[in-house]
Amino acid sequence: MDGFNEHNFLPLFIDKYRELPCLWQVRHPHYNHKQKRQAALEKLLELVKPVVPTATIPYLKAKIGGLRSTDLRERKKVTDSQRSGAAADDVYVPRLWYYERLRFLSDHTEVRESLSTLPPTLPSIPAEASDVQPGPSSQEEEDLSQEEAVECGSQEEAGIIS
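Residues numbered from 1 in each chain as written. Predicted model: local features only at pLDDT ≥ 70, side-chain atom pairs only at ≥ 80, totals over all residues. Heavy atoms only, no water.

- By the naming in an unreviewed UniProt entry, the chain is MADF domain-containing protein, taken from Aquarana catesbeiana.

Encoded structure:
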């Protein structure tokens, strides 16, 4: 196991990551500037290399992605528990020990609206044009026929049917 997630290194990494807003702040002027982002990642790599000598840029991107997704998952648990109308004692308390250090990401992580692939209005089929006729399903038909058989049997036993 590498020393990346250790309690004495991860806070330093998160603080350095916070100092490089072009890596996490979507509205930062250099967020879409590939060379600036690469330079920022190399600064982070300098911090990580003494702890994880085999670290590379893809390794850093994976670690950052993991931190962000874990933070987002914990934040979602908190907001869901608050939204559910739970009492103050029942609100989810994050178990992630570095949750508070990642609070700077909460203002910059936006949930995108979902896009529907359906057309705005769906064509409707008139009821008389449909081949499907409303009626009982095959399971319902089996249930009915069993009930009828029981009724017929009990009527025959009672001598109602000749």
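1. Looking at the packing of helix α2 (residues 34-48) against helix α3 (residues 57-83)
Part 1 of the argument: Relative to each other, α2 and α3 sit at 90°, their axes nearing to 10 Å. Considering the angle they form, α2 stands roughly perpendicular to α3. Across the interface between the two elements, Gln38, Leu41, Glu42, Leu44, Leu45 and Val48 of α2 pack against Ile57, Tyr59, Leu60, Lys61 and Ile64 of α3. (Axes fitted to C-alpha atoms, helices over the stretch in contact; angles between N-to-C directions. Helix = DSSP H or I, 4+ residues; strand = E, 2+ residues; numbered from the N terminus. Parallel < 35°, antiparallel > 145°, perpendicular 65-115°, else oblique. Contact = heavy atoms within 4.5 Å.)

2. Some thoughts on the confidence of the model for the chain
Part 1 of the argument: Here the chain averages 74 in pLDDT, and 61% of its residues register 70 or above.
Part 2 of the argument: Across the chain, α2 holds the top mean pLDDT of 92, while helix α4 (residues 138-158) sits lowest at 51.
Part 3 of the argument: Contacts from residues 154-158, a stretch scored under 50 in pLDDT, to residues over four places away or in other chains number 3 contacts. (pLDDT = per-residue confidence, 0-100.)

3. What to know about the nonpolar core
In globular proteins that are soluble, nonpolar side chains generally tend to be buried together.
Part 1 of the argument: Counting 30 residues, the largest nonpolar core has Phe4, Phe13, Tyr17, Leu23, Leu44 and Val48 as its most contacted members.
Part 2 of the argument: Among the elements that take part in this core, α3 stands out by supplying 6 residues, more than any other.
Part 3 of the argument: When near neighbours in sequence (up to four residues on either side) are disregarded, Phe4 contacts Phe9, Leu10, Phe13, Val48, Val51, Val52, Tyr59 and Lys63. (Core = buried A, V, L, I, M, F, W, Y, C linked by side-chain atoms within 4.5 Å. Buried < 20%, exposed > 50% of the residue type's maximum accessible area, 1.4 Å probe, protein only.)

4. Some words on the environment of His33
Part 1 of the argument: Residue placement: His33 occurs in the loop between α1 (10-18) and α2.
Part 2 of the argument: According to the relative accessible area criterion, His33 is partly exposed, its value standing at 34%.
Part 3 of the argument: For the pair His33 and Cys22, spaced 11 residues apart in sequence, the C-alpha separation works out to 8.5 Å.
Part 4 of the argument: One polar contact links the side chain of His33 to the main-chain amide nitrogen of Lys36, over a distance of 3.2 Å. (Polar contact = N/O pair within 3.5 Å; in protein donor to acceptor, adjacent residues only side chain to side chain.)

5. Let's talk about the pattern of salt bridges
Part 1 of the argument: Tallied over the full model, the rule gives 6 salt bridges.
Part 2 of the argument: Across the pair Glu19 and Lys16 runs a salt bridge, and its minimum N-O distance is 4.0 Å.
Part 3 of the argument: By relative accessible area, Glu19 is classed as exposed at 55%.
Part 4 of the argument: Residue classification places Lys16 among the partly exposed positions, given a relative accessible area of 27%.
Part 5 of the argument: The closest approach of N and O atoms between Glu100 and Arg103, which form a salt bridge, is 3.7 Å.
Part 6 of the argument: For Glu100, a relative accessible area of 54% puts it in the exposed group. (Salt bridge = Lys/Arg side-chain N within 4 Å of Asp/Glu carboxyl O.)

6. Some words on α1
Part 1 of the argument: Restricting attention to buried positions, one finds in α1 the residues Leu10, Pro11, Phe13, Ile14 and Tyr17. Taken down its axis, α1 places every buried residue within 160° of arc, on the same side. (Arc of directions from axis to C-beta.)

7. A few points about the packing of α1 against α2
Part 1 of the argument: Packing of α1 against α2 leaves a shortest axis separation of 10 Å and a crossing angle of 165°. As judged from the angle between their axes, α1 and α2 are roughly antiparallel. Every pair of crossing elements has a handedness; the one defined by α1 and α2 is right-handed. Contacts from Leu12, Phe13, Lys16 and Tyr17 of α1 reach α2 at Lys43, Leu44, Leu47 and Val48.
Part 2 of the argument: Split by residue class, the contact of α1 with α2 holds 6 nonpolar, no polar and 2 charged. (Left-handed = near helix turned anticlockwise from the far one by under 90°. Nonpolar A, V, L, I, M, F, W, Y, C, P; charged D, E, K, R; others polar.)

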